[in-house]
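Descriptive analysis of the structure
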Amino acid sequence: MGLYHRVAHGNTFYIADIVRDTERGRLTLNFLGDPDQPEVVRVLTFTGVRDFSEQWEEDRIESLIQSLIGLVESPQSDGIHYEIILDEVVMTFTTREQPQVVDLVLFSPCEE
C-alpha cells in the first residue's frame, strides 16, 4: 500500500493543521476524520526534512480546510523526495527516513 493510501484510507484527507519545525527538521500534518468535527484522528510526521519548499495559490482562502489531493514518494540517491499536494499549496522536500503515520482514535469516517 502506498503512502497516500496509508494516510487517506477511511476518507481521512482533511487537514486540521500543518506544523513545520525547521530547527528539528520536522513536518507534521494533522488530519480530521470529518471536516465538521475538530478532532484530529491521524497524524503524519516527517523527520529529517531538508530542501523544503512550498508554493501557495495566489488567490488562496486562509480559512479553507485543506484537503490532501496527492502524496508522491520518489526514492532518490540522496534520500526520499516527497511532494504533498493540497488544495492551495504544494510542498516538496527530501528526507532519508520513512514518515510515521499514527491513528489517534478509532473513528467513523464521513460518508461520501
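The text that follows walks through the structure, step by step, so that each part is easy to find. None of the values given here were measured: they were computed from a predicted structure.

What counts and what doesn't
- Residues numbered from 1 in each chain as written.
- Predicted model: local features only at pLDDT ≥ 70, side-chain atom pairs only at ≥ 80, totals over all residues.
- Heavy atoms only, no water.
- Helix = DSSP H or I, 4+ residues; strand = E, 2+ residues; numbered from the N terminus.
- Buried < 20%, exposed > 50% of the residue type's maximum accessible area, 1.4 Å probe, protein only.
- Contact = heavy atoms within 4.5 Å.
- Phe/Tyr/Trp six-rings, centres within 6.5 Å; stacked < 30°, edge-to-face > 60°.
- Pairing = 2+ DSSP bridges.
- Axes fitted to C-alpha atoms, helices over the stretch in contact; angles between N-to-C directions.
- Salt bridge = Lys/Arg side-chain N within 4 Å of Asp/Glu carboxyl O.
- Core = buried A, V, L, I, M, F, W, Y, C linked by side-chain atoms within 4.5 Å.
- Polar contact = N/O pair within 3.5 Å; in protein donor to acceptor, adjacent residues only side chain to side chain.

On to the overall build of the chain. Looking only at helices and strands, the chain has one helix and eight strands in total. When the elements of the chain are put in sequence order from the N terminus, they spell out α-β-β-β-β-β-β-β-β. Principal-axis analysis of the C-alpha atoms places the extent of the chain at approximately 40 × 35 × 25 Å. Considering the chain as a whole, with its 112 residues, one finds that 38% of them fall into the buried category. Across the chain, contacts joining residues at least 24 apart in sequence account for 53% of those joining residues at least 6 apart.

Turning our attention to the packing of aromatic side chains. What the rule picks out here adds up to five aromatic pairs. Grouping aromatic residues by their ring pairs yields a cluster made of Phe46, Phe52, Tyr82 and Phe93.

So, on to unusual backbone geometry. Outside of glycine, negative phi angles account for most residues, and trans bonds account for most peptide bonds. Positive phi, close to 55°, is recorded for aspartate 51, a residue that is not glycine. Secondary-structure assignment places aspartate 51 in strand β4 (residues 50-56).

A word on the sheet that holds strand β6 (residues 79-86). Pairing in this open sheet of eight strands is antiparallel, and the strands run β4-β7-β6-β5-β1-β2-β3-β8 from one edge to the other. At either margin of the open sheet sits one strand with a lone partner, and together these are β4 and β8 (100-103). Averaged over all neighbouring strand pairs, the angle between strand axes comes to 20°, with direction disregarded. With five bridges joining them, β4 and strand β7 (residues 89-95) adopt antiparallel strand pairing. Among the inter-strand pairings, tryptophan 56 is bridged to a residue of β7, identified as valine 89.

Moving on, we come to the pattern of salt bridges. Overall, the coordinates contain four salt bridges when judged by the stated rule. We note a salt bridge from arginine 24 to aspartate 21, for which the minimum N-O separation is 4.0 Å. Under the relative-accessibility criterion, arginine 24 is labelled exposed at 58%. The class for aspartate 21 is partly exposed, based on a relative accessible area of 25%.

The next thing to look at is the nonpolar core. Taken as a class, soluble globular proteins show a tendency for nonpolar side chains to be buried jointly. If you look at the biggest cluster of nonpolar residues, it comprises 23 residues, and the most contacted ones within it are Leu27, Leu29, Phe46 and Ile84. Setting aside residues no more than four positions away along its own chain, isoleucine 84 makes contact with Leu27, Leu29, Phe46, Leu68, Gly70, Leu71, Val89, Val90, Met91 and Phe93.

Along the chain, aspartate 21 turns up in strand β1 (residues 14-21). Here the alpha-carbon distance between aspartate 21 and aspartate 34, two residues 13 residues apart in the chain, equals 26 Å. Engagement of the side chain of aspartate 21 in a polar contact is seen with the backbone nitrogen of glutamate 23, the distance being 3.2 Å.

Note that threonine 92 resides in strand β7. Of note is the side chain of threonine 92, whose polar atom sits 2.7 Å from the side chain of serine 53. In this view, threonine 92 contacts Asp51, Phe52, Ser53, His81, Tyr82 and Glu83; residues no more than four positions away in its chain are not counted.

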